Structure formats: C-alpha cells, structure tokens
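# Topology and contacts: notes
Here is how the chains run, residue by residue.
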Amino acid sequence: MLHLRDDLMWGDGMPVTAYDVLYKYVIDATTSYADADGLHVFNDFIAGARLIDEYTLELDFLDQTCAAPARVNQALPLAHVRAPDFRAFVDAVGTPDELLTLPEWIAAYRAYFADRVPRSTPTLPLPGTPFQLVEAQSDEGLRLVSGDLAVVFSPAPVGIPPVERFLTGQTNLLLDVPYDRRTDVRAARDVQIAEMPGGSWDMLLFNLADPTRPRDAFDEDGARRDQGQHPLFGDLRVRRAVQLAINVDEVIESAFHGNATPMAANYPPTSWASDPDLAPLGYDPTEAERLLDEAGWVDVDGDGVRNCYHCLYGTEGMDFYFMIGLDPQLSQASSYAAAESVSRQLRRVGIAAQISEAPSASLQEFDAYWFTFGAETALNRDPDQAALWSTAADVVDSAGNPGSYSNPRVDALLEQARTLAGCDVEQRAALYREVSALLQADQPAVWLYAQHEFYAARGIENFAPYPDNPLWNVTTWRVHP
C-alpha cells in the first residue's frame, strides 16, 4: 500500500495525488501520449494496481523485495495537465475488488473512451512548476521566470562551444563539462565549481564459464549444471593478475583526464551500500607476473605473449589472447579510450587483449565485457545486484549474471538483503558490504572507476549540486552580476 503525503503541491497549486502516480505507472504506458518508462516500470516491476482514495494507491510488485519501491521511484507527470479526463476515467473504474493488471487497465481505458476523445495538454516545462513563460529577448531561445529568478535557455551560436561561452561570461551555468576542458574551467576566475564521484561506473566483467557452450546455471528440474570453465578466466589467479596489472589511475588519466575515482568493488562511492573501508586492490605488475607464472602462463616462444604451460583450463601452448567486448550503441568515446589503455597495460605483462564491438553480453559467448552503468539505471536506484551476481539469475540470453559467477554465500547475502523485514537501510548496507568484500576476493570482474560529475557556475547564490542532480534547488537560486 502506497500512502502519499497530503501536503505536497505542484507548482501550479494543485495537490500531488495518487492519480498522478497511477497515471505514471499505468495509463502513461497505454495511451497516445505514452511514456516508455511507464510501460517499462509496469511490465518489469508492477503486477497490478488500483486506486483506494486521493492519497492511497495499492500496488502489487512482481518482485516482492526491498528493491521494488526504489526501482519504481521515477519522476511523475502531472495527470491533471497531461490528461484532464484521467480523474473521471479512474473514478468511473472505481475501486475494484482485485488489482487490475496492465491489460485490464488498457481494456478499461479503451472502453471508457470508446465514444469520446481524451483531452490532452501539450507538455511544456511550465505546468506544475513555479515558472511562467515570458517573452524572450532577441538573443534568447526561451525565458522562464519565477519571482525574481529568470532561467534563460539560449541557442548556442554555431562554432562556439558551451565551455567558451561560459568562460567568456556569456552564460552563468555549465553542466556536462567535457573531461578535456575541466582544467580550463578550474583555472577561470570567480567560478563556482562542484565536482564529485557520480553514479556512473565501469567494470570489465570476466566470463567464468565455457564461452563455446553457454548454458543456464540450472536445468529444467532445478539441478545445478556444469557450465565448464573459461580457458583463461576460470582460474582465480589469472583474474587477480589481470586486476593487478592494470593501473586504474593511468586509465582514468588517459580516458577522463583524471576525472574519476578508482573503485574497490561493485558499488560507486555515491551508493549507500558502498564500503568506505574497503580499499581498491591497487596496481602491482610484479605480483601480477608472479601469479601468471604460478598459474602456468609463461612466454614459451619469446614473442611477448604468454602461453599455456601446464595451465589449469587452457589448451597447452595456446596464447593468452582474449577479446574485450563493448556495446557500440552504449559506449562513449571515453569507454573506448579506457579500454585501449587497459589493453596497452596488459600487453606489458604478456597478455594480448583486443577490443571488439559486441552489442550484448547476454548470449555469454564473450571472454570479457566492458560494462558502463549509468546513474539513472534501475540497477543504481537500489543497490540490489542480484541480477548481476546471483546464481539463479544466470540464464542465457536474459542479461542476468552474464559472467556466470557463483558463490553460495553471495547468493544468500543478496537474498537476505532483498527480503529483509522492514528493509532497514543500515542492515541492508552491512549485508551489501560483505557482498563487496567477497566480490573483491573472488574477482569476477576488473573493478575500475566511478566517473566524476562536474558542474560550474558564476554568480549563482545557493548553487549546491547533488551528484547527478545539479538543479535540485534551482528555485532558490539567485544570480548576481
């Protein structure tokens, strides 16, 4: 049961109600002004919904865990603005005896509007906000005013980058500053700068199973399958050697001009599940070479690339060569630069790694895969990472646990944290910190870095950005010339 506060108002004075929430998660996914996020939330997290009263909504989560409320916590649209007839439709449906599924909501919506056309209001940045649209000046694209605060959106002149406009005093605010220009902004006079680790983070995931025969972790009867071993990365010593052979600070400098923080394991510093006492493993190429020698990977033929010589799972004499897969649709130029830095460093210890474009890791046919998790992904809304690391999630072509990692203790901790009675944050954090320690020890991935957010302002009073949310208090800003 979702109980809303009754003292929350939209900027236009209308109350925030359960109708707004219901619209987001149900109708927003079914109508002509559909929202893809709404459909995603209903299909992936919500089994059914019904409105009880003005401030009460009952939701049936598909995933009955502590992560579910955070995963559906998304920005709400204004139902009274986007769909003025929505309230009348919901009131006509009433409070059914059972929660309605998405198909049932669709059927009810179509039946209600069978002989009428739903009204809609164009979505602008104004409805439900304290801002009003006023006439823009000749060099402005849009001007919004709230009291004595004006927010001006100016079209960027052709050939003049936003950074240059900011540095020359033409604008007061600069977001998403390119990594290679942040030093210039720091050096500017009278500039307010906020930089901190953000929620975006990268790792290089190992495939621990046989990539030539991908198989689910469990068969149809629930029995554990033998998934084989990756010829290189089935050996923990090899995985640890790869981590130690990579100078993450060098990667950060090469790809991000120093604007990232090394990670110890699977949570960025902004996560409440991150363990501040767990330190990154660091850079130790000497120990990496010792581990590779011990694991039976030595340069037999003198060509600079190690070979299997009584190694654990590889074919005798095979080169230590593997592919790093990157999704060309999701990877930024910085990800490619970082992967290239990793490849160069591994070559110093006799490992040959080649970067290859691969649209997905879900088929589990890869050697290692470069993952970048954005700040706004469902995975980052709650620290539950069962989809990445639990044995049960290891299903081919499902995107779950594509590296086929398995540790019964990690499985138990993840399940305990997901289903903890009361979902106490501190208790869950303690469980997730134990998970991080185990993941660091088991090394199913190379732990890399969390990218830094960087925001700059000039003359803005109350400029105090949060990570990944620089405009949270924009209505309190005052700009001084």
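This structure is a prediction, so every number in the text was calculated from the model and none was measured.

Our next topic: the sheet that holds strand β3 (residues 56-61). Spatial strand order, β1-β3-β2: three strands in an open sheet with antiparallel pairing. The open sheet terminates on both sides in strands that have one partner only, identified here as β1 (2-3) and β2 (46-53). Note that β1 and β3 share two bridges and pair antiparallel. Residue pairing across strands places His3 opposite Thr56, the latter belonging to β3. Lying over the sheet, helix α1 (residues 18-25) contacts β1, β2 and β3, oriented at roughly 160° with respect to β2.

Turning our eyes to something else, we now look at the pattern of salt bridges. Within the structure shown, the criterion is met by 17 salt bridges. Close ionic contact of Glu54 with Arg87 constitutes a salt bridge, the shortest N to O distance being 2.8 Å. Of this pair, Glu54 sits in the loop between β2 and β3 while Arg87 sits in helix α5 (residues 86-93), placing them 33 residues apart in sequence. Here Arg306 ties to Asp293 by a salt bridge, and the two come within 2.7 Å at their closest N and O atoms.

We now examine unusual backbone geometry. The phi angle at His257 is positive, at roughly 55°, despite the residue not being glycine. Looking at where His257 falls in the secondary structure, it is placed in the loop between α10 (248-256) and β9 (260-262). Judged by relative accessible area, His257 falls into the partly exposed class, the value being 41%. Within the chain, Gln364 stands out as a residue other than glycine whose phi angle is a positive 65°. Looking at the secondary structure, you find Gln364 in the loop between β13 (352-357) and β14 (368-373). The class for Gln364 is buried, based on a relative accessible area of 3%.

What counts and what doesn't
- Residues numbered from 1 in each chain as written.
- Predicted model: local features only at pLDDT ≥ 70, side-chain atom pairs only at ≥ 80, totals over all residues.
- Heavy atoms only, no water.
- Pairing = 2+ DSSP bridges.
- Helix = DSSP H or I, 4+ residues; strand = E, 2+ residues; numbered from the N terminus.
- Contact = heavy atoms within 4.5 Å.
- Axes fitted to C-alpha atoms, helices over the stretch in contact; angles between N-to-C directions.
- Salt bridge = Lys/Arg side-chain N within 4 Å of Asp/Glu carboxyl O.
- Buried < 20%, exposed > 50% of the residue type's maximum accessible area, 1.4 Å probe, protein only.

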